[in-house]
Amino acid sequence: MAARLLRGSLRILGGRCASRAPPAVRYSHSGGEERLEPSSAKRLTDIGIRRIFSSEHDIFRESVRKFFQEEVVPYHSEWEKAGEVSRELWVKAGKQGLLGINIAEKHGGIGGDLLSTAITWEEQSYSNCTGPGFSLHSDIVMPYIANYGSKEQIEHFLPQMTEGKCIGAIAMTEPGAGSDLQGVRTNAKKDGSDWILNGSKTFITNGWLSDVVIVVAVTNREVRSPAHGISLFLVEDGMKGFTKGQKLNKMGLKAQDTAELFFEDVRLPASALLGEENKGFYYLMQELPQERLLIADIAISACEFMFEETRNYVKQRKAFGKTIAHIQTVQHKLAELKTNICVTRAFVDNCLQLHEKKRLDSPSASMAKYWASELQNHVAYNCVQLHGGSGYMMEYPIAKSYVDARVQPIYGGTNEIMKELIARDIVRDV
């Protein structure tokens, strides 16, 4: 079984063997090695903990951690000034097998399991480098093409996206339509066999660097419900009438390129339609739980990073003749934070397991996203407080973690919308 899991997994990077993701095969960890849960581990970010993972995953995690430490951390401050990461990083990530992990090999992906792609989300959080938009590209954009694309679309886009040579984005949000996707105004009208696309989008992650964008547009205004008249289109960089606005100046996520996109009489061939006409809203509802789980896992991983960063700080910082780690109020706050983090990690790990088995429902994904992103902001606030004045200085990692956390309860559907989705499931008739 181990040989099967690691089939084709070794690649040489910098003179060392680096693992690719374990293939997406079903296997059980029961009866295997005993693994600590985070509550009992030396550090919350240790490799080799959490029962949902295997030793093959540990090898892959070591490789991913090494990649972020060597290829991302040293350059991230420069990318923050530029408002984007380098395209070379995307190609390096592709060569390392970090993109399209959970996309089937037959579609041009790596063919790894969901837990392997989750490792890339977590390790990016542990590096405290939010710039690379790998997770959106691999685990939000690519699944739409894999699940709903034609054979030609799959063959044209997915292999290039796995290699990091084609960067993907998805354009849902508009100036007047955020969490309310039924309020979309961008529209596409038939002209013979072609479509003419008009409208604008905002707050688009990977928007500036994007080579292909999945655009949400209205294609039928006559239907009773707007949800039944929405379609998805694949719009490529360079198409006449498609322009990118300036990179947006955000509070946090400074190295993550975020842009406005404009579409003025963009002529799209019939082959640009992704899936069936007027089925776009249905596709969005099918894929949003994974996006929300992704946000939840990134959020709880950021909590784990911030906790360890703060633990290290309070054990070194001295006040009143002793390290502040020996002050009871500090100890009690750390105890509260660790308990909240470990409880949330258990729930998010459960959601990861459910999703791996295609059993994660929308209310559970909404709970994970809402709870973990709220906790991320709670942990960020308290960890800055425990750093004192130093926590307000951007030279300290915790300050960057604080501003990067604020958007988590907003995108992927605001947490107010998450509560609405959870509540609907609670009160609906059985």
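What counts and what doesn't
- Residues numbered from 1 in each chain as written.
- Predicted model: local features only at pLDDT ≥ 70, side-chain atom pairs only at ≥ 80, totals over all residues.
- Heavy atoms only, no water.
- Buried < 20%, exposed > 50% of the residue type's maximum accessible area, 1.4 Å probe, protein only.
- Helix = DSSP H or I, 4+ residues; strand = E, 2+ residues; numbered from the N terminus.
- Arc of directions from axis to C-beta.
- Contact = heavy atoms within 4.5 Å.
- Pairing = 2+ DSSP bridges.
- Polar contact = N/O pair within 3.5 Å; in protein donor to acceptor, adjacent residues only side chain to side chain.
- Lys, Arg positive; Asp, Glu negative; His and termini not counted.
- Salt bridge = Lys/Arg side-chain N within 4 Å of Asp/Glu carboxyl O.
- pLDDT = per-residue confidence, 0-100.
- Expected span 1.5 Å × (residues − 1).
- Bend = angle between axes of the 7 residues up to and from the residue.
- Axes fitted to C-alpha atoms, helices over the stretch in contact; angles between N-to-C directions.
- Parallel < 35°, antiparallel > 145°, perpendicular 65-115°, else oblique.
- Left-handed = near helix turned anticlockwise from the far one by under 90°.
- Nonpolar A, V, L, I, M, F, W, Y, C, P; charged D, E, K, R; others polar.
- Core = buried A, V, L, I, M, F, W, Y, C linked by side-chain atoms within 4.5 Å.
- Phe/Tyr/Trp six-rings, centres within 6.5 Å; stacked < 30°, edge-to-face > 60°.
- Lys NZ or Arg CZ within 6 Å of the ring centre and 35° of its normal.

**Q** What's the story with helix α4 (residues 87-95) in this structure? I'm lost.
**A** The α-helix winds at 3.6 residues per turn, so residues separated by three or four positions along the chain end up facing the same way. Burial in α4 covers these residues: Leu-89, Trp-90, Ala-93 and Gly-94. The buried residues of α4 occupy an angular sector of 140° when projected down its axis, which confines them to one face. α4 presents Glu-88 and Lys-95 as exposed residues on the side facing more than 90 degrees away from its buried surface. Where the residues of α4 are buried, they touch α2 (55-72), α3 (76-82), α6 (134-148) and α7 (151-162).

**Q** How should I be thinking about the pairing of strand β7 (residues 230-236) in this particular structure?
**A** Put simply, side chains in a regular strand alternate between the two faces of the sheet. Taken across its seven residues, β7 has six buried, putting it largely inside the fold. When strand β6 (residues 212-218) meets β7, the two strands line up antiparallel, connected through seven bridges. Bridge assignment links Ala-217 to a residue of β7, and that residue is Ser-231. Of the pairings in the sheet, the one linking β7 to strand β10 (residues 273-274) comprises two bridges and is antiparallel in character. Bridge pairing links Leu-232 to Leu-274 in β10.

**Q** Looking at this structure, how should I read the environment of Ser-364?
**A** Take Ser-364: it is sitting in helix α10 (residues 362-387). For the pair formed by Ser-364 and Asp-425, sequence separation is 61 residues and the distance between their alpha carbons is 10.0 Å. Ignoring anything within four residues of it in the chain, the contact list for Ser-364 reads Phe-347 and Cys-351. A distance of 2.7 Å separates polar atoms of two side chains, one belonging to Ser-364 and the other to Asp-361.

**Q** Help me out: how do you make sense of the side chain of Asp-139 in this one?
**A** If you trace the backbone, Asp-139 turns up in helix α6. Buried and unpaired, Asp-139 has no salt bridge, with Lys-358 as the nearest side chain of opposite charge at 10 Å. Among residues more than four places away in sequence, those in contact with Asp-139 are Asn-102, Thr-117, Trp-121, Phe-134, Gln-290 and Leu-294.

**Q** Would you explain the confidence of the model for the chain in this entry?
**A** Predicted coordinates in areas of low pLDDT are best not read in detail. Taken over all residues, the pLDDT of the chain has a mean of 92, while the share at 70 or more is 92%. Throughout residues 1-18 the model reports pLDDT below 50, and contacts reaching past four residues in sequence, or to other chains, amount to 30 contacts. Per-residue pLDDT stays below 50 along residues 25-32; that stretch engages in 13 contacts with residues further than four places along the chain or on separate chains.

**Q** Can you walk me through helix α8 (residues 280-316) in this structure?
**A** The end-to-end C-alpha separation of α8 is 53 Å, in line with the 54 Å expected for 37 residues at 1.5 Å each. The sharpest bend along α8 comes to roughly 35°, located at Glu-287, with the proline Pro-289 sitting one to four residues further on. Burial analysis of α8 places 30 of its 37 residues in the buried class, which makes it a mostly covered element.

**Q** Just to check I follow, could you spell out the packing of α8 against helix α11 (residues 397-405) for this structure?
**A** Angle between the axes and distance between the axes are the two parameters that describe a pair of packed helices. At a minimum axis separation of 10 Å, α8 and α11 run at an interaxial angle of 155°. Considered as vectors, α8 and α11 are oriented roughly antiparallel to each other. Once α8 is placed against α11, the crossing between them reads as left-handed. Every residue of α11 that contacts α8 at Phe-305, Met-306, Glu-309 and Thr-310 is listed here: Pro-397, Ile-398 and Ser-401. When its residues are assigned to classes, the contact of α8 with α11 shows four nonpolar, two polar and one charged.

**Q** Honestly, the nonpolar core in this entry has me stumped. Any pointers?
**A** As a rule of thumb, nonpolar side chains are buried together in soluble globular proteins. Ranked by size, the top nonpolar core spans 95 residues in total, and within it Tyr-144, Met-161, Ile-170 and Ile-214 carry the most contacts. Here this core gets 16 residues from one element, more than from any other, and that element is α8. Formed by 19 residues, the second largest nonpolar core is a distinct cluster that contains Ala-169, Ala-188, Trp-195 and Leu-261.

**Q** Please explain the packing of aromatic side chains as it appears in this structure.
**A** What characterises a pair of aromatic rings is the spacing of the ring centres plus the angle enclosed by the ring planes. Counting across every chain of the model gives 11 aromatic pairs. When the ring of Phe-67 is compared with that of Phe-68, the centres are 5.8 Å apart and the planes differ by 90°; the resulting orientation is edge-to-face. Comparing Phe-67 with Phe-68, the two get one shared label, buried. Centroid distance Tyr-370 to Trp-371: 6.2 Å. Interplanar angle 80°. Geometry classified as edge-to-face. The class for Tyr-370 is partly exposed, based on a relative accessible area of 22%. Members of the aromatic cluster, connected to one another through ring pairs, are Phe-67, Phe-68, Trp-90 and Phe-134. The ring of Phe-53 is capped by Arg-61, whose NZ or CZ atom sits 5.0 Å from the centre of that ring.

**Q** Looking at this structure, how should I read the pattern of salt bridges?
**A** A full pass over the atoms with the stated rule returns 31 salt bridges. Among the salt bridges present, the one from Arg-87 reaches Asp-211, with a minimum N-O distance of 2.6 Å. In this pair, Arg-87 is assigned in helix α4 and Asp-211 in the loop between β5 (194-205) and β6, connecting sequence segments 124 residues apart. By relative accessible area, which is 33% here, Arg-87 ends up partly exposed. One salt bridge in this structure joins Lys-333 and Glu-336, with 3.1 Å as the shortest N-O distance. Within this pair, Lys-333 and its partner Glu-336 are both found in helix α9 (residues 328-356), separated by three residues, close to a single helical turn. On the accessibility criterion, Lys-333 (22% relative accessible area) is partly exposed. Connected through shared salt-bridge partners, Arg-50, Arg-61, Arg-65, Glu-122, Glu-123, Asp-297, Glu-304, Arg-345 and Asp-349 make up one network.

**Q** Where do I start with the pairing of strand β3 (residues 168-171) in this structure?
**A** Side-chain alternation along β3 places Gly-168 and Ile-170 on one buried face and Ala-169 and Ala-171 on a second face that is also buried. Summarising the sheet, β3 and β6 pair through four bridges and their orientation is parallel. Each bridged residue has a counterpart across the sheet, and for Ala-169 the counterpart in β6 is Val-213.

**Q** How should I be thinking about the packing of α6 against α8 in this particular structure?
**A** It is the contact of α6 with α8, at a shortest axis distance of 10 Å, that shows an interaxial angle of 160°. By the angle between their axes, α6 is roughly antiparallel relative to α8. Where α6 crosses over α8, the two elements pack in a sense that is right-handed. Along the contact surface, α6 presents Ser-135, Asp-139, Ile-140, Pro-143, Tyr-144, Asn-147 and Tyr-148, while α8 presents Tyr-283, Leu-284, Gln-286, Glu-287, Gln-290, Glu-291, Leu-294 and Ile-298. In terms of residue class, the contact of α6 with α8 is built from eight nonpolar, four polar and three charged.

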